[in-house]
Amino acid sequence: MVETTISVIKADIGSLAGHVIVPDFLIELARKSLKEGVEKKIINDFHVSNAGDDLELIMTHNKGEGNAEVHKLAWDTFIKGTELARKKKIYAAGQDILADTFSGNVKGMGPGSAEMTFEERKSEPIAVFMADKTEPGAYNLPLFKIFADPFNTAGLVIDPNLHDGFKFVIQDIMKDIPCFIEMKAPEEMYDILALLGSTGRYTIKKIYRNDGMIAASVSTDKLHAVAGKYVGKDDPVAIVRAHSGLPAMGEVLEAFTLPHLVSGWMRGSHTGPLLPVGLKDSRCTRFDGPPRVIALGFQVSDGMLVGPVDLFDDVAFDISRQRGMEMADYLRRHGPFQPHRLSDDQMEYTTLPKVLTRCENRFVTEELVPKGKAKKKESSVE
Ligand code: F6R
Ligand code: MG
Ligand code: MG
């Protein structure tokens, strides 16, 4: 049987009125470009969307992961979009385009990608998660909950097909060469958490059911690692398969109700709650945030996409959004103080080190006493 590959490839190539939203004309351009990709038989089907200022290309094909033709189609779409965005003087046009020429795969060139390949089940429901103003580690907590926490996923206890657990492939994203470890839940749950708790370093790349069935895939691309400096957050995407021996869609979505704290937000330098929102709210405004995630549900049917359904556009998530907004308001009161502002090591690739070097050479080994003040004290003793 022919296997279907889902490739979600995304990039911030410019946005309206700051880093807020992808303009309609870029979405239109992307649709036209991917339609040509269908006509040329590079892909079978596609859906174009946006997570705030990130243009999201969701594609199906039968060419496998990391395929040069599919990646080039996405790359060319981003290049064409960048040209138009520059012409129209759209803000941060071409922000994530960090290479001059395409070299076989978008990896290491700026755009982010999550892909998975599977033999379609009798019915194949999937969710595509797309986040803005955050980083790949933002999915660590919800994905752990979906695939390893029985308090989130009832099926881990009730359904014999899930009962044998899942394998987590975790990437150390700080290493120059991609480095992965495979760990098994529930057996190695504490070790998994020891890694996944460090969201800036260890991120989930893929999750498989115990029998090897692919269940989830995440983009782990780090822009700063490519550019060597802060050029925007990595705004990650994830693909999750649901039902029939995997967590139900409701169990998948339940994991986003917290809303948990993630790194990103303003200037990629702050901690804030990840708000699960519908497409109509897929735009970051308050302090360039708070960070948010959208979820589109599809049925994959003989290599085609049926849908989408806007999964977080539901009153049931109002309480999470409200809680998130209250958390955001509370955190904002901390201004430039940690832990709202990220720790020094997390600020390495931002503009803060430039400011700090100005102060650095003024440090001396003795405690300084302001001159004017010391003199005044002497005269009063006399
Ligand atoms: C975060 C983000 C924004 C910008 C901020 C400053 O991912 O994109 O918060 O960092 O708006 O933008 P510039 O540096 O373009 O003025
Ligand atoms: Mg931007
Ligand atoms: Mg973004």
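Heads up: the structure comes first, above all this text.
Residues numbered from 1 in each chain as written. Chains lettered and ligands numbered in written order. Predicted model: local features only at pLDDT ≥ 70, side-chain atom pairs only at ≥ 80, totals over all residues. Heavy atoms only, no water.

S.K.: An account of the coordination of the magnesium ion (ligand 3) is needed here, citing residue identities and associated values.
M.R.: In this structure, Asp53 (OD), Asp54 (OD), Asp132 (OD) and Asp235 (OD) serve as the protein donors to the magnesium ion (ligand 3), at separations of 2.0 to 2.1 Å. A spacing of 4.8 Å is found between the magnesium ion (ligand 3) and the magnesium ion (ligand 2), which share Asp53 as a donor. Of this pair, Asp132 sits in strand β5 (residues 125–132) while Asp235 sits in the loop between α6 (223–227) and β10 (237–241), and the two are 103 residues apart along the sequence. Overall, Asp132 belongs to the buried group, its relative accessible area being 1%. The exposure class of Asp235 is buried, given its relative accessible area of 4%. (Donors = N, O, S within 2.8 Å, 3.2 Å for Na, K, Ca; no water. Helix = DSSP H or I, 4+ residues; strand = E, 2+ residues; numbered from the N terminus. Buried < 20%, exposed > 50% of the residue type's maximum accessible area, 1.4 Å probe, protein only.)

S.K.: An account of the packing of helix α3 (residues 140–148) against helix α5 (residues 189–196) is requested, with residue identities and associated values reported.
M.R.: Direction vectors running N to C along α3 and α5 enclose 165°, while the axes themselves pass 11 Å from each other. With respect to α5, the element α3 is oriented roughly antiparallel. Classified by chirality, the crossing of α5 by α3 is right-handed. Facing α3, whose interface residues are Asn140, Phe144 and Ala148, α5 presents Met189, Ile192, Leu193 and Leu196. Of the residues assigned to the contact of α3 with α5, the class counts are 6 nonpolar, 1 polar and no charged. (Axes fitted to C-alpha atoms, helices over the stretch in contact; angles between N-to-C directions. Parallel < 35°, antiparallel > 145°, perpendicular 65-115°, else oblique. Left-handed = near helix turned anticlockwise from the far one by under 90°. Contact = heavy atoms within 4.5 Å. Nonpolar A, V, L, I, M, F, W, Y, C, P; charged D, E, K, R; others polar.)

S.K.: Requested: an account of the coordination of the magnesium ion (ligand 2), with residues and values cited.
M.R.: Taken together, the protein ligands of the magnesium ion (ligand 2) are Asp12 (OD), His19 (ND1) and Asp53 (OD), with distances of 2.0 to 2.3 Å. On the primary sequence, the residues serving as donors to the magnesium ion (ligand 2) are separated as D-x6-H-x33-D. Assessed through its relative accessible area of 25%, His19 is described here as partly exposed. Accessibility expressed as a relative area gives 2% for Asp53, which makes it buried.

S.K.: An account of the nonpolar core is needed here, citing residue identities and associated values.
M.R.: Across soluble globular proteins, nonpolar side chains show a tendency to be buried alongside one another. Ranked by internal contacts, the top residues of the largest apolar core, which has 42 residues, are Phe129, Tyr139, Leu143, Phe147, Phe166 and Phe168. A per-element tally of this core places α3 first, with 5 residues. Grouped together as the second largest cluster of nonpolar side chains are 27 residues, Ile9, Ala11, Leu34 and Leu57 included. (Core = buried A, V, L, I, M, F, W, Y, C linked by side-chain atoms within 4.5 Å.)

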